[in-house]
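# A structural walkthrough
As a plain string of letters, each chain reads:
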Amino acid sequence: IWQTFTVPATYSTITITYWWYSDTGKPSKLCLDTFNSQLQTSGGTTIQVLQSACNTSVSNAWVAITVDVSAALASYKGQTVTILFHGTNASNRFQTTDFYIDDVTVTAQ
């Protein structure tokens, strides 16, 4: 899933906040299912990785994630950027890992 926004022409700080939940049915200690969130340009180039996780580090609870992206977005003022949330599950595995995102907020001051 993704969300786009326009970086303000002027700001002191920009933060991205969202709630993240993960659980898994996998007994393995191998990192088979993955989740990452990142900022991207309109062309799909990664600006900054916000979070990386896998089935070996599930939360089993809702966790607030807050990332200061002020420096990363300094050269993108006035441009549209995308927050991308991407989860994958290994193929041919019966147990799945669930990754959930809620209440995504971009705050500029």
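Residues numbered from 1 in each chain as written. Predicted model: local features only at pLDDT ≥ 70, side-chain atom pairs only at ≥ 80, totals over all residues. Heavy atoms only, no water.

### Regarding the nonpolar core
Ranked by size, the top nonpolar core spans 20 residues in total, and within it Leu39, Leu50, Val69 and Leu73 carry the most contacts. Elements with a minimum of two residues in this core: strand 2 (14-24), strand 3 (34-40), strand 4 (46-54), strand 5 (63-68) and strand 6 (80-88). Looking at which element gives the most residues to this core, the answer is strand 2, with four residues. Each residue touching leucine 50, except ones within four places of it in the same chain, is listed here: Ile16, Tyr18, Ser37, Gln38, Leu39, Val67, Val69 and Ile83. (Core = buried A, V, L, I, M, F, W, Y, C linked by side-chain atoms within 4.5 Å. Buried < 20%, exposed > 50% of the residue type's maximum accessible area, 1.4 Å probe, protein only. Helix = DSSP H or I, 4+ residues; strand = E, 2+ residues; numbered from the N terminus. Contact = heavy atoms within 4.5 Å.)

### Considerations on the pattern of salt bridges
Tallied over the full model, the rule gives one salt bridge. Across the salt bridge formed by aspartate 33 and lysine 26, the nearest N and O atoms sit 2.6 Å from each other. (Salt bridge = Lys/Arg side-chain N within 4 Å of Asp/Glu carboxyl O.)

### A look at the pairing of strand 3
Two faces belong to every sheet, and in a regular strand the side chains alternate between them. Of all seven residues in strand 3, five are buried; the element is thus mostly enclosed. Relative to strand 4, strand 3 runs antiparallel, the two sharing seven bridges. Directly across from serine 37, in strand 4, lies its bridge partner glutamine 51. From the end of strand 3 to the start of strand 4, which pair antiparallel, there are five residues, and glycine 44 there has a positive phi angle of about 95°. Relative to strand 6, strand 3 runs antiparallel, the two being bridged by seven bridges. Within strand 6, the position partnered with asparagine 36 by the bridge is histidine 86. (Pairing = 2+ DSSP bridges.)

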